[in-house]
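Remarks on the overall topology
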Amino acid sequence: MRKLAVVMAVLLLLSCVPAAAAEETALTGVEAYQQYGPWYTWTQEQKDSAVADWSEEFWSDYWDAYFIQVYADDEQYYADLDAWNAAFYGETWNDYLEVEKEALGMPYPDGINVSVNGEWLTLDGVQPWAMDGRIMVPVRPFLEALGATVDYSETVVTAKLANGDSLELTLGSTTLTRVSGGRIDKIEMDVPMVVSAGRTYIPARFAGEAVGMTVEWDDYYQAACFTDWDSIAAQIDENFSILNTILALDGDRWDPEQTYRVKELVSGSMTLYGETEAENDTAAMSLAVDGLVRGGQADLDMKLDLDLGELKELVTASMLEEDTAALDLLSDFEMEVRGDLGQGTLYMTGNKLGDIPGSTVGSGEWLALDLGQSIDVAALVEALEAAQSEPLTVGALLAVGPRENGTGWYWAPPCTQVLDKAEKLALFLGDDCFTVSTSGSTTTYTLKVDTLSLADKLSGLTDEDETGELSLLLDYLKGDLKVDCSGTIKVRDNKLVDMDVRFTVKLPASVTASMPVDITFAINGNNTKAECTLTAKAAYGGKMELKAEASVEKTSGTPATTPPEGAVIHTQDEYLDYGEEYLTDAAWGLMSAIR
């Protein structure tokens, strides 16, 4: 999540933060990254020179530029940042980490720590330790923290769980036996259960995963976090029964034998004001999709348009020449895509495919792409229906990302971070934010949260506010910060009839530390169409607008899945990979330039 937050913050802050004073060094952070590359590739001479010459503020600019550039490879970024922290701050870095770990509630600030569902374990006063890359923990207190009843008989440990499952480990053996129902699984561990200083230890990860826990290791804090995401999701859902009812509404099921007209439009713009709002420069981008879909068949028209307007010179000033040239392809880029997933075929044509360096596709000609294999559309539909049979809840939605991909460490165990988000979400969408009324077969859910009601809620939460964030928000609400969240959602026969919800926040200069900013998010639609808009407007600075529209309607006809008769068709070639890289580099160059 930190990646997305950084990118969105960059786009928003660009329009509301005054120009910064020039860095003492002649380079910007972006230019420094482009010149020197990732920190781990530097020579020791380069590192020593930069440490001597660069200010801490400029180092921050460099790491910001590095983060944007390696968006897809954050593991290397964080490894580099940790190594730099240790090198830059020296001995004081370890002391700082110990103080920080103690402040976070870890019982062993100078070593390895383990948490279960957000609670740090003291493990009967026995500190975890590492053996052959695995974290070893005392067997009884750890398994009991996982909810098991533990029996230790000579060299065999048996743990019985509340759901009837059991685990069995033998001293000196690398095999963990799990019994679930009538099934017996043998799990091979890297290291065995061992005895040290009169205590019996097991590798924590294997035991945690055997009982269904998700394990996340943070090298920065030397902490292993075990989470039962099902129980965390259930805990969250206790505060969202009304919203979960709305999320569970039936939609029209997708019929693979029915043709649908699909329309989507995603657009965004950014405006910087001059001396007045009438004197401004605007950059805009839009992507439109319109076409027919039937089962695995599709015929879609797409149009991408990028217009940097008067901001082009400013935005592209720090971009490489080839990336700037590639941006021209993104303006008025039209493409038609036809294909049949069941046949494993896809065709495309476009007005600018021939402009990609190395391309041999002429105007009106088509490119055939081999998907490698056909896709069983019927099986795909069955899988989608099976997935939809699981209830969609707020808890499940908040837990799915961390469960599958981890959270990336920030300030607390993964589940604590998610529960914190849920607590904040409940302030605006919890059960006490809604009133429910029924007229005939129509149920209306009315949402209302304003500055006064939000402040009243926060007054009852600040005593348990460990981070101080809620207390700070309450102080702002008592000042000039204004919030309004309102709307109605109408339901009939368990289907969405109409939805119109709007969230508005007015941030005063005392909050932004620069200028007032108004932010509005709105969503409206029904069972077949939806529209979302996000607007952020900074007084004297500029504004950003994002909009997404989508609709699906039943129609007649069949999508064309192959090019017209007589059309020139090219087969996939090496230049296509280069063309994809060519456009991707241009997009990353644009993001870096905006930063």
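Located above this text is the structure these notes cover.
The structure contained in this document is the topic of the report that follows. All residue numbers refer to positions counted from 1 along the written sequence of the respective chain. Reporting of local features is limited, given that this is a predicted model, to residues whose pLDDT is at least 70; pairs of side-chain atoms are given and counted only at 80 or more, and all residues count toward the totals for whole chains, interfaces and linings. Side-chain calculation: all heavy atoms of the structure are included, whereas hydrogens and water are not.

1. So, the sheet that holds strand S7 (residues 166-170)
Ordered by their spatial adjacency, five strands build an open sheet running S5-S6-S7-S8-S9, and the pairing between neighbours is antiparallel. Edge positions in the sheet fall to strand S5 (149-153) and strand S9 (183-188), since each of these pairs with one other strand and no more. This sheet shows a mean twist of 20 degrees between the axes of neighbouring strands, independent of strand direction. Note: S7 against strand S8 (residues 175-180), four bridges, orientation antiparallel. In the strand pairing of S8, Ser166 is matched with Val179. Pairing between two strands is assigned when DSSP locates at least 2 bridges connecting them. Secondary structure elements follow DSSP: runs of H or I of four or more residues count as helices, runs of E of two or more count as strands, with numbering from the N terminus. In this analysis, axes come from line fits to C-alpha atoms, helices being fitted only over the stretch in contact, and the angle between any two N-to-C directions falls in the range 0 to 180 degrees.

2. Observations concerning the environment of Gly172
Structurally, Gly172 can be placed in the loop between S7 and S8. Each residue's exposure class comes from its accessible area (1.4 Å probe, protein chains only) as a fraction of the maximum for that residue type: buried when under 20%, exposed when over 50%, partly exposed otherwise. On the accessibility criterion, Gly172 (56% relative accessible area) is exposed.

3. Concerning helix H15 (residues 414-429)
The span one expects for a helix is its residue count, reduced by one, times 1.5 Å. Here H15 contains 16 residues, and its C-alpha end-to-end distance of 22 Å stays within 8% of the 22 Å for a straight helix at 1.5 Å per residue. Listing the buried residues of H15 in full gives Pro414, Cys415, Gln417, Val418, Asp420, Ala422, Ala426, Leu427 and Phe428.

4. Quick notes on the pattern of salt bridges
For side chains of opposite charge, pairing can occur when their charged atoms come near one another. Think of a salt bridge as a Lys or Arg side-chain nitrogen and an Asp or Glu carboxyl oxygen that are within 4 Å of each other. Enumeration according to the criterion identifies 17 salt bridges in this entry. The salt bridge involving Arg338 is made with Asp299; its shortest N-O contact spans 3.6 Å. Placement of the pair is Arg338 in strand S17 (residues 333-340) and Asp299 in strand S16 (residues 297-307), with a sequence separation of 39 residues. Comparing Arg338 with Asp299, the two get one shared label, buried.

5. Section: the packing of aromatic side chains
Think of it this way: a Phe, Tyr or Trp ring, Trp meaning its six-membered ring, pairs with another when their centres are within 6.5 Å, and the plane angle makes it stacked under 30 degrees, edge-to-face over 60, tilted otherwise. Within this structure, the stated rule accounts for 17 aromatic pairs. Here Trp129 and Tyr201 contribute two aromatic rings whose centre-to-centre distance is 5.3 Å and whose plane-to-plane angle is 75 degrees, an arrangement assigned as edge-to-face. With Trp129 in strand S3 (residues 129-131) and Tyr201 in strand S11 (residues 199-203), this residue pair connects regions lying 72 residues apart in the sequence. In textbook terms, an aromatic cluster arises when at least three aromatic residues are bridged by ring pairs, as seen for Tyr33, Tyr36, Trp42, Trp54, Phe58, Trp59, Tyr62, Trp63 and Trp84.

6. Quick notes on the sheet that holds strand S12 (residues 214-218)
Taking strand neighbours across the sheet as the criterion, the four strands line up as S2-S1-S13-S12 in an open arrangement whose pairing is mixed. The open sheet has two free edges, formed respectively by strand S2 (119-120) and S12, since each of these has just one partner strand. Inspection of the sheet shows strand S1 (residues 113-116) paired to strand S13 (residues 223-227) by four bridges, in the parallel sense. Considered in S13, the bridge of Val116 is made with Phe226.

7. Examining the side chain of Asp340
Looking at where Asp340 falls in the secondary structure, it is placed in strand S17. Only four residue types enter the charge count, namely Lys and Arg as positive and Asp and Glu as negative; His and the chain termini do not. For the buried Asp340, no salt bridge is present, and the opposite-charge side chain at shortest range is Arg294, 9.6 Å distant. What qualifies as a polar contact is a pair of N or O atoms within 3.5 Å, subject to a donor-acceptor requirement within protein and to the restriction that residues adjacent in sequence count only when both atoms come from side chains. Here Gly342 takes part through its backbone nitrogen, which lies 2.8 Å from a polar atom of the side chain of Asp340. Among all residues touching Asp340, those that are not within four sequence positions of it are Gly296, Gln297, Thr345 and Thr561. The criterion used for residue contact is that any of the two residues' heavy atoms lie within 4.5 Å.

8. Re the nonpolar core
Within the largest apolar cluster, 31 residues are counted, with the highest numbers of intra-cluster contacts made by Leu454 and Ile489. The element that contributes the greatest number of residues to this core is strand S23 (residues 495-507), accounting for five residues. Beyond its immediate sequence surroundings of up to four residues, Leu454 is in contact with Leu427, Phe428, Val449, Leu477 and Val483. Residue types Ala, Val, Leu, Ile, Met, Phe, Trp, Tyr and Cys, when buried and joined through side-chain atoms within 4.5 Å, form a set referred to as a nonpolar core.

9. Re the side chain of Asp299
For Asp299, a relative accessible area of 17% gives the class buried. Excluding residues that lie within four positions of it along the chain, Asp299 makes contacts with Asp290, Gly291, Leu292, Glu336, Val337, Arg338, Pro559 and Ala560.

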